Amino acid sequence: MRVRINRRDFGRLLGLSASAATLPAAGAPNPGNKMAGDRKFPAGFLWGTATSAYQIEGATGEDGRGLSIWDTFSRVKTNTYTGNNGDVADDHFHRYREDIALMHGLGIKAYQFSVSWSRIFPEGKGAVNPCGWDFYDRMLDALLAVGIEPFCTLYHWDLPQALMSGGGWQSLDTAKAFSDYSANAAKHLSDRVKNFITISEVSTFVDDGYLYGSDAPGLKLSNAQVAQVAHNVLVGHGLAVRAVRANARAGTKVGIADNAVSTCPVIETREHIDAARIAYREENARVLTVIQEGRYTDHYLKALGADAPKFTAEELQVISTPLDFTGLNIYEPTWVRASSTAPGYEVVDMPKSYPRMAAGWLEFGPDGMYWSPKFAHELWKLKDIYITENGAASWDVPTSTGEVLDTDRILFLRSYLTQLLRGINECVPVKGYFLWTLMDNYEWTDGYAMRFGITYVDYKTQKRTVKLSGEFYKEVIARNGLA
Ligand code: NOJ
């Protein structure tokens, strides 16, 4: 099964919870613009679903697509659950019309998809595949025809295999290639796509792919090398932000989807809340904090010592190129309490009995949906925030009549959305929410065993069946609220 690394483990590995931190001035107090108990979202709130290319498209050999690292990695049978790979996945490449009709039927307003870089540049750089954009053109036209707003992610883990000859993200050449591909995407798509996301979940693919070797490209590098990989990815992100701005039509927006560590106070007292805010900045020092502040925290650099990444002032400027929006992927919480020793907080371990969803790494913790956007906004006064992913795997089994009664997923979603609303009611500027995921799909090394969809996919027939959670989400969207 997928070796999922709890997202705070990297920080722990580096001893991040053990040294000093400086907290910038806290943001504006929350005036509370709504009455307690209001269960409606603001007018115009964007309700979406999210997917990614390798997880749904299939058709890996069609229209001149090049190989990606996930093709190579998943074709080694022992790397994934029972040797599953994404060769067919949801066959979305051929069934996109049906999938768009499904979204339309649920009332979904926005769709976050990712582009397979190796469809566009089969070698990662150089010549553009003449058919590369054809599928995305067809898909976007169908999406816009039913009024669904596309959000395009440029990189969701499927690096063109050819770029591994230079070490993949170990090399800044990959950051440059990513920038060129992003420029091409912005030119080609920005007549229809108004929102671009550069990269999805930097920490997950860097740690799982380059430190633990559990995901593609399956490397087990040293801490110093991994810190450099993360830095290079962020340079790629910053260059891509600039490339999108330079090549897209006026008014196009660009952001990132970050799985920031959602630090939550164990008890909502002033001291624990303050500690959790310090923790938010430090536990996210490697990605979100440096993007927002243009510097690695002293604490981060000190904790890494000789393993700290090598960087220039210019690279930090690139990394911190201002974003139009910040995307937060919110899943499991990290519980924090105040500590009298520096840096003023302590991560509290979860007991064995802590409730988890079907994916063992996913501990239940709706509070993160309140605290993560709130702390991000307090620390960095963000313009717009989107929840770019949130969802859960369940052990879905169709009943004899073919229904999927995933009440655990509904419990999860309702609880997280309640906390999201709590923040919005305190003026945290969250503008939209993308549920992960539209339909069951290829869950990386967990293959097809782990189902995150609100639509059940029978992989033998490719039949889609909306689950009870899909009906729940449809209701939420229709009411623009939880009641
Ligand atoms: C994180 C990733 O972005 C996505 O690809 C994955 O399927 C989900 N969250 C669930 O693990």
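See the structure shown above.
Note that the structure is a prediction, hence the values are computed from the model and not measured.

Caption draft 1: Spotlight on the pattern of salt bridges. By the definition in use, this model includes 29 salt bridges. Two residues, Arg 464 and Asp 99, come together in a salt bridge whose shortest N-O distance is 2.8 Å. Here the residue Arg 464 occupies a position in strand β13 (residues 463–466), and Asp 99 occupies one in helix α4 (residues 92–106), the gap between them amounting to 365 residues. For Arg 464, a relative accessible area of 10% gives the class buried. A relative accessible area of 0% places Asp 99 in the buried class. As a salt-bridge pair, Glu 346 and Arg 337 come within 3.2 Å of each other at their nearest N and O atoms. Counted as one network, the salt bridges with shared partners bring together Arg 270, Asp 274, Arg 277, Lys 374, Glu 378 and Glu 426.

Caption draft 2: Seen up close, the site of the ligand. The environment of the ligand is formed by 13 residues, the closest being Gln 55, His 156, Glu 389, Glu 443 and Trp 444. Taking His 156, its side chain carries an N or O atom lying 2.9 Å from an oxygen atom of the ligand. For the shell around the ligand, the per-class residue count stands at 6 nonpolar, 3 polar and 4 charged.

Caption draft 3: Region of the structure containing the sheet that holds strand β1 (residues 46–50). The parallel closed barrel is built from 8 strands, whose spatial order is β1-β2-β3-β4-β5-β7-β10-β11. Across the sheet, the mean angle separating the axes of adjacent strands is 25° when strand polarity is ignored. Note: strand β10 (residues 384–390) against strand β11 (residues 430–436), 4 bridges, orientation parallel. Opposite Ile 385, over in β11, you have Val 430 as the bridge partner. Its contacts with the sheet put helix α16 (residues 468–479) on β1 and β11, and the angle it makes with β1 is roughly 155°.

Caption draft 4: Expanded view of the sheet that holds strand β9 (residues 345–347). Spatial ordering of the open sheet is given by β6-β8-β9, a layout of 3 strands whose pairing is mixed. Every interior strand has two partners, whereas the edge strands, β6 (262–265) and β9, have only one. Pairwise comparison of adjacent strand axes, ignoring direction, gives a mean angle of 40° for this sheet. By the bridge criterion, 3 bridges tie strand β8 (residues 333–338) to β9 in an arrangement that is antiparallel. Looking at the pairing, Val 336 lines up with Val 347 of β9. The sheet contacts of helix α10 (residues 270–283) involve β6, β8 and β9, and relative to β6 the element is tilted by about 165°. Sitting on the sheet, helix α14 (residues 367–380) is in contact with β6 and β8, with an inclination near 105° to β6.

Caption draft 5: Spatial organisation of the environment of Glu 471. One can find Glu 471 in helix α16. C-alpha of Glu 471 to C-alpha of Asn 259: the two residues are 212 residues apart in sequence and 27 Å apart in space.

Caption draft 6: Quick peek at the side chain of Asn 329. Relative to the helices and strands, Asn 329 resides in strand β7 (residues 325–329). When its relative accessible area of 2% is taken as the criterion, Asn 329 is described as buried. Side-chain polar atoms of Asn 329 contact the side chain of Thr 388, separated by 2.6 Å. Setting aside residues up to four positions removed in sequence, Asn 329 forms contacts with Ser 200, Glu 201, Ala 257, Asp 258, Asn 259, Ala 260, Thr 388 and Glu 389.

Caption draft 7: Representation of the packing of α10 against helix α11 (residues 285–293). Where α10 contacts α11, the axes come no closer than 6 Å and their chain directions differ by 95°. Considered as vectors, α10 and α11 are oriented roughly perpendicular to each other. Each of Tyr 280, Arg 281, Glu 282 and Glu 283 in α10 lies in contact with α11, whose residues at this interface are Ala 285, Leu 288, Thr 289 and Glu 293. Tallied by class, the residues present in the contact of α10 with α11 amount to 3 nonpolar, 1 polar and 4 charged.

Caption draft 8: Region of the structure containing the packing of aromatic side chains. On inspection of all chains with the given rule, the structure shows 46 aromatic pairs. Aromatic side chains Tyr 54 and Trp 70 sit 6.3 Å apart centroid to centroid with 35° between the ring planes, which places their arrangement in the tilted category. Here the residue Tyr 54 occupies a position in helix α2 (residues 53–56), and Trp 70 occupies one in helix α3 (residues 69–74), the gap between them amounting to 16 residues. Ring centres of Tyr 54 and Tyr 442 lie 5.5 Å apart, and the angle between their planes is 85°; on these two criteria the pair is classed as edge-to-face. One end of the pair, Tyr 54, is in helix α2; the other, Tyr 442, is in the loop between β11 and β12 (455–458), with 388 residues separating them in the sequence. What makes Tyr 54 buried here is its relative accessible area of 3%. Note on Tyr 442: relative accessible area 0%, which makes it buried. By way of ring pairs, the aromatic residues Tyr 54, Trp 70, Phe 73, Trp 157, Tyr 442, Trp 444, Tyr 448 and Tyr 459 are connected into one cluster.

Criteria and thresholds
Residues numbered from 1 in each chain as written. Predicted model: local features only at pLDDT ≥ 70, side-chain atom pairs only at ≥ 80, totals over all residues. Heavy atoms only, no water. Salt bridge = Lys/Arg side-chain N within 4 Å of Asp/Glu carboxyl O. Helix = DSSP H or I, 4+ residues; strand = E, 2+ residues; numbered from the N terminus. Buried < 20%, exposed > 50% of the residue type's maximum accessible area, 1.4 Å probe, protein only. Near = heavy atom within 4 Å. Polar contact = N/O pair within 3.5 Å; in protein donor to acceptor, adjacent residues only side chain to side chain. Nonpolar A, V, L, I, M, F, W, Y, C, P; charged D, E, K, R; others polar. Pairing = 2+ DSSP bridges. Axes fitted to C-alpha atoms, helices over the stretch in contact; angles between N-to-C directions. Contact = heavy atoms within 4.5 Å. Parallel < 35°, antiparallel > 145°, perpendicular 65-115°, else oblique. Phe/Tyr/Trp six-rings, centres within 6.5 Å; stacked < 30°, edge-to-face > 60°.

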